[in-house]
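# Structural description and commentary
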Amino acid sequence: MQKINIEVAIGISFILGLILPLVGLGGVFSLFVMGFVATFLTKEEITSAKVGAIATGIFCIIFFFYGFLTPPTLPYVLPNPLTLGIFVALSGVFNLILSLIVSLIIYCAFGLLGGYIAMKFFIQEREKKKKKKSKIPSQPPRRTLKRA
């Protein structure tokens, strides 16, 4: 398969990340696969395990705001936090920000793990040619007619 740009690889991993839960393979496995696919599809010159972490991190932020904007269905009416006090409302905002940070760390960790597996086992590393060191000691510089 021809290697592609990072943006397209992340887009393909998003599509795969949305399809896997529909098939029944969601959760941590889908995050791992998203990181693996994003890293595996990038060009060898620019690939890194960070590509998988970036893909799952962006997916986390999109998923977080989708969940934030779609309210849950509750069987009763919750009291207004402002009637209970301003500190209850501030603790809710603090919990919201903390949950975004923790979920971002978890998503990126599993994407990084998938990208690392792709880098370690499936992407051929370039062979580094080691220069053979000559056993002859370095020669002094040649003398020239130019004098200082």
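This report concerns the structure included in the present document. This one's a predicted model, so the numbers in the text were calculated from it and none came from an experiment. (Residues numbered from 1 in each chain as written. Predicted model: local features only at pLDDT ≥ 70, side-chain atom pairs only at ≥ 80, totals over all residues. Heavy atoms only, no water.)

### Here's the deal with a nonpolar patch on the surface
Residues I15, I19, L22, V23, L25 and F29 make up a contiguous nonpolar surface patch of about 630 Å² in total accessible area. For the nonpolar patch, the element with the highest residue contribution is helix α1 (residues 6-23), accounting for four residues. Relative to the helices and strands, I15 resides in helix α1. (Patch = residues over 30% accessible without salt bridge, like charges linked within 9 Å, V, L, I, M, F, W, Y side chains within 5 Å. Areas by Shrake-Rupley, 256 points an atom, 1.4 Å probe, with all protein chains shown as cover. Salt bridge = Lys/Arg side-chain N within 4 Å of Asp/Glu carboxyl O. Helix = DSSP H or I, 4+ residues; strand = E, 2+ residues; numbered from the N terminus.)

### Considerations on the packing of aromatic side chains
Inspection of the entire model under this criterion finds five aromatic pairs. An angle of 40 degrees between the planes, with centres 5.9 Å apart, marks the rings of F14 and F59 as tilted. Residue F14 is located in helix α1, and its partner F59 is located in helix α3 (residues 50-69); the two are separated by 45 residues in the primary sequence. Where F59 meets F63, the ring centres are 6.3 Å apart and the plane angle is 10 degrees; that geometry is what we call stacked. Here F63 and F59 lie together in helix α3, a separation of four residues that amounts to about one turn. For F59, a relative accessible area of 13% gives the class buried. Exposure remark for F63: the relative accessible area of 48% places this residue in the partly exposed category. Looking at K3, its charged tip hangs above the ring of F40, at a distance of 4.3 Å from the centre. (Phe/Tyr/Trp six-rings, centres within 6.5 Å; stacked < 30°, edge-to-face > 60°. Buried < 20%, exposed > 50% of the residue type's maximum accessible area, 1.4 Å probe, protein only. Lys NZ or Arg CZ within 6 Å of the ring centre and 35° of its normal.)

Keep in mind these values describe shape, not function.
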